[in-house]
Amino acid sequence: MDHAARSGLPKVHYSCFSTKAAEVPFAIFKELFHRVIHKYSRETRRKLTFPKELLLIDSTTMTVGKTRLPWAPYHGERAGIKLHVALQAQNGQPLQVVETLGSKHDGPMSEALAQPDYILVMDRAYGKLERLDDFKIQGQSFVIRLRDNVHLEKPHALSRLKPSDSTILRDMTCQLGTSQCRSKQRHRVVIFRDFEGREIRVVTDLMQVTAEQIAQMYKARWQIEVFFRWIKQHLNIPTLFGTTENAVYGQLFCALIVYVLLKWLFDAAQTTWPKHAILSFARFSRLFLLQKLPVEWLIQIQHVLLKRVSASINQIIYSG
């Protein structure tokens, strides 16, 4: 489907688009993406459930045949690129995105994405013992899943009132690791069962919240999986505009800009919907791109955009 023509834009041949995509530095789209994120974040501050807002950190890898991206070797016959993402749990929007080759290890990237004003929530790949000690010394709050084979040294149980419906199995402080490799700091470890009954061990520096809250923080990670699924569905790697670094990363950051704008529009248009018009974000974005949104949503979006244009005009008038 030719979306450009349907939107009243002139048609562009694929080869011309591919050539231009290779020439434009992807850093332009990356900077634009982070500027849009900054503006959105200022407008959507929400009341926090926890002491600080949660920042979900993880990565996703996208692969193709190695002949298509020879500059991005990955494994065997595959080439790959990776997005390292810090996603705000409160509004579902990325705060920062770093692009690398698919072979880049996740662990060190957590230090580049760390934000002292947030509680970092991460999976096992980021749980290096030395890094946990550094985070605690630096005052960087975190909730990170431990690998199953990490030894818990000198555990000391924390006293607590356990709700009848609690999934918490243990709540303690301890050192982590064996005598060959052990944390210098004592850390709090919470062990709980997840939705599927699996035993999960997380380590944290947070001492003023309940074990149930810590488990809830870690469970918020599902949001970043939903974000990655949306990106992969809409980026459509098999139909890249080009195969150069500029073209690939440029297309990636354009897809991220679309996500941010759609999420902003979805959140800004929220109201009391009739039952038949209630939409999830995934459903909303799909219907929006297909131009098949319910009429109630079209009216509300028009109202939001007109309000936005009016505010911008007033700002120009008063600043001039």
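Residues numbered from 1 in each chain as written. Predicted model: local features only at pLDDT ≥ 70, side-chain atom pairs only at ≥ 80, totals over all residues. Heavy atoms only, no water.

Visitor: What am I meant to see in the pairing of strand S3 (residues 78-88) here?
Guide: Here is the key point about a regular strand: its side chains alternate between the two faces of the sheet. With respect to burial, S3 is a largely interior element, 10 of its 11 residues being buried. In terms of strand pairing, strand S1 (residues 53-65) meets S3 through 11 bridges, oriented antiparallel. Its bridge partner being in S3, Val64 is matched across the sheet by Ala79. Once strand S2 (residues 73-75) ends, the chain turns through two residues before running back antiparallel as S3, passing Gly76 with a positive phi of about 55°. The sheet contact formed by S3 and strand S4 (residues 94-101) spans seven bridges and is antiparallel. Each residue of the ladder has a partner; that of Leu83, found in S4, is Glu99. (Buried < 20%, exposed > 50% of the residue type's maximum accessible area, 1.4 Å probe, protein only. Helix = DSSP H or I, 4+ residues; strand = E, 2+ residues; numbered from the N terminus. Pairing = 2+ DSSP bridges.)

Visitor: Is there a simple way to think about the nonpolar core in this case?
Guide: Note that soluble globular proteins tend to have their nonpolar side chains buried in a common cluster. Counting residues in hydrophobic clusters, the biggest one holds 62 residues, and the most contacted among them are Phe284 and Trp297. No other element matches the 12 residues that helix H8 (residues 245-268) contributes to this core. Those residues in contact with Phe284 that sit more than four places away from it in its chain are Leu262, Leu265, Phe266, Leu279, Leu293, Trp297 and Ile301. Listed in part, the 25 residues of the second largest apolar core include Ile57, Ala86, Leu146 and Leu152. (Core = buried A, V, L, I, M, F, W, Y, C linked by side-chain atoms within 4.5 Å. Contact = heavy atoms within 4.5 Å.)

Visitor: Is there a simple way to think about unusual backbone geometry in this case?
Guide: Of note, Lys154 is a non-glycine position whose phi angle comes to about 50°, a positive value. Looking at the element boundaries, Lys154 is found in strand S7 (residues 152-157). We note that Gln291 has phi near 55°; this positive angle belongs to a residue other than glycine. Its place among the elements puts Gln291 in the loop between helix H9 (281-289) and helix H10 (295-319). A relative accessible area of 52% places Gln291 in the exposed class.

Visitor: Just checking my understanding: could you explain H8 for this structure?
Guide: Note: α-helices contain 3.6 residues per turn, so residues at a spacing of three or four share the same orientation. The end-to-end C-alpha separation of H8 is 34 Å, in line with the 34 Å expected for 24 residues at 1.5 Å each. Most of H8 is tucked away, with 18 of its 24 residues classed as buried. (Expected span 1.5 Å × (residues − 1).)

Visitor: Would you explain the packing of aromatic side chains in this entry?
Guide: In this description, an aromatic ring pair is defined by two values, namely the gap between the centres and the angle between the planes. By the definition in use, this model includes 18 aromatic pairs. With 4.8 Å between their ring centres and 85° between their planes, Phe227 and Tyr259 make a pair best called edge-to-face. In this pair, Phe227 sits in helix H7 (residues 222-235) while Tyr259 sits in helix H8, placing the two residues 32 residues apart along the sequence. Each member of the pair, Phe227 as well as Tyr259, is classed as buried. (Phe/Tyr/Trp six-rings, centres within 6.5 Å; stacked < 30°, edge-to-face > 60°.)

Visitor: Would you take a moment to explain a nonpolar patch on the surface for this structure?
Guide: A surface patch of nonpolar side chains, amounting to about 390 Å² of accessible area, comprises Val12, Tyr14, Phe17 and Phe241. Looking at the element boundaries, Phe17 is found in helix H2 (residues 14-23). (Patch = residues over 30% accessible without salt bridge, like charges linked within 9 Å, V, L, I, M, F, W, Y side chains within 5 Å. Areas by Shrake-Rupley, 256 points an atom, 1.4 Å probe, with all protein chains shown as cover. Salt bridge = Lys/Arg side-chain N within 4 Å of Asp/Glu carboxyl O.)

Visitor: Where do I start with the pattern of salt bridges in this structure?
Guide: Once the charged atoms of two side chains with opposite charge are near each other, the side chains can pair. Considering all chains together, one arrives at 15 salt bridges under this definition. A salt bridge links Asp123 to Arg221; its shortest N-O distance comes to 3.9 Å. Of this pair, Asp123 sits in the loop between strand S5 (118-122) and helix H5 (129-138) while Arg221 sits in the loop between helix H6 (211-219) and H7, placing them 98 residues apart in sequence. Here the two residues Asp123 and Arg221 agree in accessibility, since each one is buried. One salt bridge connects Lys263 with Asp267, and the closest N-O pair in it is separated by 3.0 Å. Here the residue Lys263 and the residue Asp267 both occupy positions in helix H8, the gap between them amounting to four residues, near one helical turn. Each member of the salt-bridge network shares a partner with another, and the members are Asp58, Asp123, Arg221 and Glu225.

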